[in-house]
There are 2 protein chains.
Amino acid sequence: MINKTLFSPSGIVVVGGSENISKPGGKIVKNIVDGGYTGNLFVINPGRDMVQGVASFSSAKELPGDVDLAILAITAHQCPAAVRELAELRNTRAFIVISAGFSEEGEEGALLENELRDAVNSLGGTLIGPNCIGVITPVYNGVFTSPVPRLNPAGCDFVSGSGATAVFILESALPKGLTFSSIITVGNSAQTGIEEVLEYWDESFDVSTSSKIKLIYVENIQKPDKLLKHATSLINKGCRIAAIKSGVTDAGQRATSSHTGAMASADSAVEALFRKAGIVRCFGREELTTVASVFMYNELRGKNLVIITQAGGPGVMLTDALSDGGLNIPALEGADHDRILKMLNPGSSASNPIDILATGTAEQLGKVIDYCDNEMDEVDGMIIIFGSTGLTTVYDAFDMIHEKMQNCRKPVFPILPSISSARSEVEEFLAKGHINFPDEVVLGKALTSVHNTPKPAGENVYMEGIDITEIRRIVETAMDGFQEPGVVGRLLKAAGIPIVEEGVAATRRGALRIARRIGYPVALKVIGPVHKSDVGGVTLNIKTEAHLNAEYRRMRKIKGVNAVLVQKMQSGMELFIGAKYEPRFGHVVLCGLGGIFVEALGDHSHGLAPLTFDEARSMIRSLKSYPIIQGIRGTEGVNEDLFAEIIVRLSTLLRYATEIKEIDLNPLLGNQDYIRVVDARMLIEKT
Amino acid sequence: MINKTLFSPSGIVVVGGSENISKPGGKIVKNIVDGGYTGNLFVINPGRDMVQGVASFSSAKELPGDVDLAILAITAHQCPAAVRELAELRNTRAFIVISAGFSEEGEEGALLENELRDAVNSLGGTLIGPNCIGVITPVYNGVFTSPVPRLNPAGCDFVSGSGATAVFILESALPKGLTFSSIITVGNSAQTGIEEVLEYWDESFDVSTSSKIKLIYVENIQKPDKLLKHATSLINKGCRIAAIKSGVTDAGQRATSSHTGAMASADSAVEALFRKAGIVRCFGREELTTVASVFMYNELRGKNLVIITQAGGPGVMLTDALSDGGLNIPALEGADHDRILKMLNPGSSASNPIDILATGTAEQLGKVIDYCDNEMDEVDGMIIIFGSTGLTTVYDAFDMIHEKMQNCRKPVFPILPSISSARSEVEEFLAKGHINFPDEVVLGKALTSVHNTPKPAGENVYMEGIDITEIRRIVETAMDGFQEPGVVGRLLKAAGIPIVEEGVAATRRGALRIARRIGYPVALKVIGPVHKSDVGGVTLNIKTEAHLNAEYRRMRKIKGVNAVLVQKMQSGMELFIGAKYEPRFGHVVLCGLGGIFVEALGDHSHGLAPLTFDEARSMIRSLKSYPIIQGIRGTEGVNEDLFAEIIVRLSTLLRYATEIKEIDLNPLLGNQDYIRVVDARMLIEKT
């Protein structure tokens, strides 16, 4: 319900604006004035005609005309009435409430917050906050905090679930020269949360005017579906998104909960959501602002980079960081190497990193950059490391970098370490609209985490051979609790998931009949409310009718056993697929090698249902034990496509059966020809 | 051969000093003058009486008296004569040669460098460089570069193998407020390299006056033994050392080699060396200067930290970073929680992170810090996050933090994010000698990497039951190449390493005799210049004499087979221990679970021989598959002490037999009662 007037109001009234710039109401007036807002600005402050040079009125009624946007810095209990009055008398439809004292302070405040939200909703208006630091757009600086960053229509759009954290993120952005297009802090998110801001960015996106960089700081994802939908859509429209979701570790989740008052989500669900959407996940402010800085430059088309440096050491450290993260710094050889070397002073190196030495000139730098841009098709981008020894200024080199950055077809990333001894040169460079990466390793890590974030997953749900009607019928008639093998088997079959040949028998003859049909050897497993391996309820490799008879009789004497499962003995490598329903997010699907690999090594990867084939394959390939799946030491391994297909089919099944709260296919056994479920456990809860 | 006059010369002469501060010879005079050097300062520059206000002479002969230290900024070929003249006429014994044009530029320069080194060596003097940026000590600023950092006797001692990298490391140190005690760049290390500087630091160490923080940037470790010895000794004397060794990845090693012209060492050897010495390894400049900043504060006694913050988000991100790295942010409960909560404004949280809110006062902050320092024994340190919203100044809060940092028994780490909007407050805080960590996650990672670096290993070599005389006898009589099982077996026995019962037979009767002695079942393996599994040369589980007869006959017909190995069949979990001789470093010893774990998952850990029991145990525990060694899923696992003992014994064996270039014990088989070597491969090369 964000409307455009929030971003470009023709008039703003600060309700509670004052002379005291140590208070939010005073400081926000100052920031709007200092920011050069060109629309009509008013203050409502009874008893004053003028506040900081701005016309002040005692109430909405006194205002000279309509006002698009109101910023409220008055006590909480005054807010609902102020909203109603402005809406009625001055046609105001956008409200930023910076006042605190609402739901964050208890039940009474929560009631007030509901009243406020209802008041705005009934107008079809926009409400930001309450309990936020405000909004910055290219049109006005509507925050009461410092610092206010440089604004630029192509800069970052930034939404934050925490005002103080937003302020500190700006502190980290400023020295880098990072610019912003808009900043929205959502405070208590009474009406407008992170997800609604994403929705607005998506729906109002204009490829020629909108910024293509979106940053998010979020502590609690309330509407994962909405976030996924709009993040995916924005990225598909050409945007790049980076986000911090704090509360990753157990201790961090406890800290988030005590801070936001909301239950934290399992981090695996967050991780899976971000990967599905194609959001670059960051874990700190420095990292977020560095990734955002990378976003300000053109995207790398491939993974081959040339480093052009004036100092060996930083070149080596950067090579390590990039290479560690999967980017290439290909050795230059042959004609390219020789031609570049000829451009340089004696003692230089042209093997990549290209070391032009501390005595290398701006002109040499320019020539090398041009050569990499024009003559070397296999190179996807250049990173320049250029500092000052303190002997001379480096304006000429920085001017050269500036010129090349504007003219090169390939991205050029500047690392200018001399932030003290070449301070004025760096400042001049930033003033031209560039961003500096003072530390090569920090840039290297940011580049690789951008590189390693997948594109958004496709949205098609795989349906081939999946019988939704049958799935719904089975789930709807199932009782709550862990399901018997028959139910599990029928559900898996309805999803087209192959299970080992098996049958359930409640009589000895029935068991024999099944064994005859599927062929010996068979395994026999008890069915009933017992833990089958604890009661001796599993016998493998039964090769004869006599043995089957004996085992059947023994098992039926075990207390609680009401039938047996007769399964064909299956050979193959042990695999595992599981899923857990995560409230709001849906099912997080896990896969891995079975047995000790998942139990002892914890080697599994995860994704958010429903999954595409690409996602399933990427899950399989990100396993540490992937080489074993591929087959090593002369073993044949497992058919990756079949494994991926089962993961995809299970994820579709779960999407249509959210009543399944937990499912474990463990083990599946497989080789190059088949993969079949041998044992499965499924919990259904319909409430 | 560093002498004290290098650090506190009573007189300095700059040979080649000039008026031109765009050249090293001019800038170094300026830096010495600006740095307020109080000794006698002269210049040698023929044809000038005065240079930048400093008395200048045409030659050493004209100087008015003796001079301790000479800094040479003249052409390379003039340097040897200048050294000899100053030594003879002016008793100079310390030389810093910043001139380039030596070994880095080819053979002719290398000869000149040798001449220079020999000239200084023959005097018993000190030579720093050539081709370096100089030296900074509290007495003089002997570098030609900027920036010059704040000096402080308790600041960092820093040695760098690269001048330009040192300059850029200082750029990263400066904004943090990091101070230095001395800086030495070794250039071409003609006489004095990184290792000699460490030796000097160690041998001149004075617990009451020396700095306890040492930083190293190194691209090529020439003398690992020396580095290990002095780093260990310094740390045992109370120092803390952090180092960057660049060239970690394959691409990075290629980059180092092309930059330094020297063969890179295997990074596993470097990693093992640093862990053995107790050096905190860093991978970038930002990381190094952050770890150095952590070193400026008292060491954490334990791993429990309290975070006191004014903003929820950074507290959560910091909790994640610390917890991810193995530090604890214990939840506060009960009386402590309630007492702290009472000190704070409504809405605050006292559960750790303690969130005092943006409205929290300096006084509240002080009370909470005092409570954590005095009343909570289980807390080992505090981290304070305090920024500015831009409404008011934060001098009072920073003063409170300053006061508490001085008086608290436990370390207090300040995170002050508002480097822009509270710039002057932060500067005032730094001016009091403190260091600021502007980003909480960067600090969190530095704290955990310090926490996770082990103390230096003990230096005792384990000798019990190891027969060095026998080991030397066997090695000295062995031929070069891969060794036969008999030789390997005798060597392992001499080191007290248990091997499976076995014997070598060249006749059928001999084989039968061995089998009778050790008992059936046995395994039979061919011996000879063949790859035994390729030629069908291994038969397991032979239970009868008839079977043994038949297999023996079959195997002896295989071409190249000259004997057989009869081994008792052994059961147990597969383990693996290997080692490789790394030139200069010695043997890097690897261990892990055998089979697919080491082959497919690459799960191994490594250490540098000789190893202590503590090191061996730490290697075993750092395996990802450690839970399997401990025993899971009802398996008994493997006796960790026995495994550690074999690792230690092998490492002692290797220390006394450096001719062994490669050895693989693979597999060893073991359980809780025994571990025995089943197969071993050993390469001896004496050249």
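Since this is a predicted model, take the numbers as computed values, not measurements. (Residues numbered from 1 in each chain as written. Chains lettered and ligands numbered in written order. Predicted model: local features only at pLDDT ≥ 70, side-chain atom pairs only at ≥ 80, totals over all residues. Heavy atoms only, no water.)

1. Some remarks on the environment of B:L228
Residue and element names in this part refer to chain B.
At step 1: Relative to the helices and strands, L228 is located in helix α6 (residues 224-236).
At step 2: Sequence separation between L228 and A495 is 267 residues, and the spatial gap between their C-alpha atoms is 25 Å.
At step 3: In this structure L228 touches L273, K276 and A277, once residues within four positions along its chain are discounted. (Helix = DSSP H or I, 4+ residues; strand = E, 2+ residues; numbered from the N terminus. Contact = heavy atoms within 4.5 Å.)

2. Regarding the state of the cysteines
At step 1: Applying the stated criterion across every chain, the model contains zero disulfides over all chains.
At step 2: Of the cysteine sulfurs around A:C408, a residue in no disulfide, the closest is that of A:C372, at 8.9 Å. (Disulfide = S-S within 2.5 Å.)

3. Some remarks on the domain arrangement of chain A
At step 1: Partitioning chain A into domains gives domain 1 (4-136), domain 2 (147-295), domain 3 (305-451), domain 4 (501-569) and domain 5 (573-684).
At step 2: Just the C-alpha atoms count here: the centres of domain 2 of chain A and domain 4 of chain A sit 55 Å apart. (Domains from an automatic or database assignment.)

4. Here we look at the relation of the copies chain A and chain B
There are two copies of the chain, and a rotation about an axis plus a shift along that axis relates them.
At step 1: By a simple turn and slide, chain A fits onto chain B: the slide is 0.0 Å along the axis, the RMSD is 0.1 Å, and the turn is 180°. Taken together, the rotation and translation describe the operation of a two-fold axis.
At step 2: Here 100% of the contact residues of chain A are again contact residues in chain B; the copies associate through an equivalent surface. (Least-squares fit on C-alpha atoms with pLDDT ≥ 70 in both.)

5. A word on the UniProt feature "domain: ATP-grasp" (unreviewed entry) in chain A
At step 1: UniProt's entry tags residues 489-525 of chain A with the feature "domain: ATP-grasp" (unreviewed entry), counted in the numbering of this structure.
At step 2: Between the first and last C-alpha atoms of residues 489-525 of chain A the distance is 14 Å; the span itself is 46% helix and 22% strand. (UniProt positions renumbered as here; feature names shortened; annotations may be inferred.)

6. Notes on the sheet that holds strand β1 (residues 11-15) of chain A
Residue and element names in this part refer to chain A.
At step 1: Taken together, the seven strands give an open sheet; going across it, the order is β3-β4-β2-β1-β5-β6-β7, and neighbouring strands pair in mixed fashion. The two strands at the open ends of the sheet, each matched to only one other strand, are β3 (50-51) and β7 (126-128).
At step 2: Strand direction decides the pairing type here: strand β2 (residues 40-44) and strand β4 (residues 54-57), joined by two bridges, are parallel. Bridged to V43 within β4 is S56.
At step 3: Along the sheet, helix α1 (residues 24-34) makes contact with β1, β2, β3, β4 and β5 (69-72), crossing β1 at roughly 160°. (Pairing = 2+ DSSP bridges. Axes fitted to C-alpha atoms, helices over the stretch in contact; angles between N-to-C directions.)

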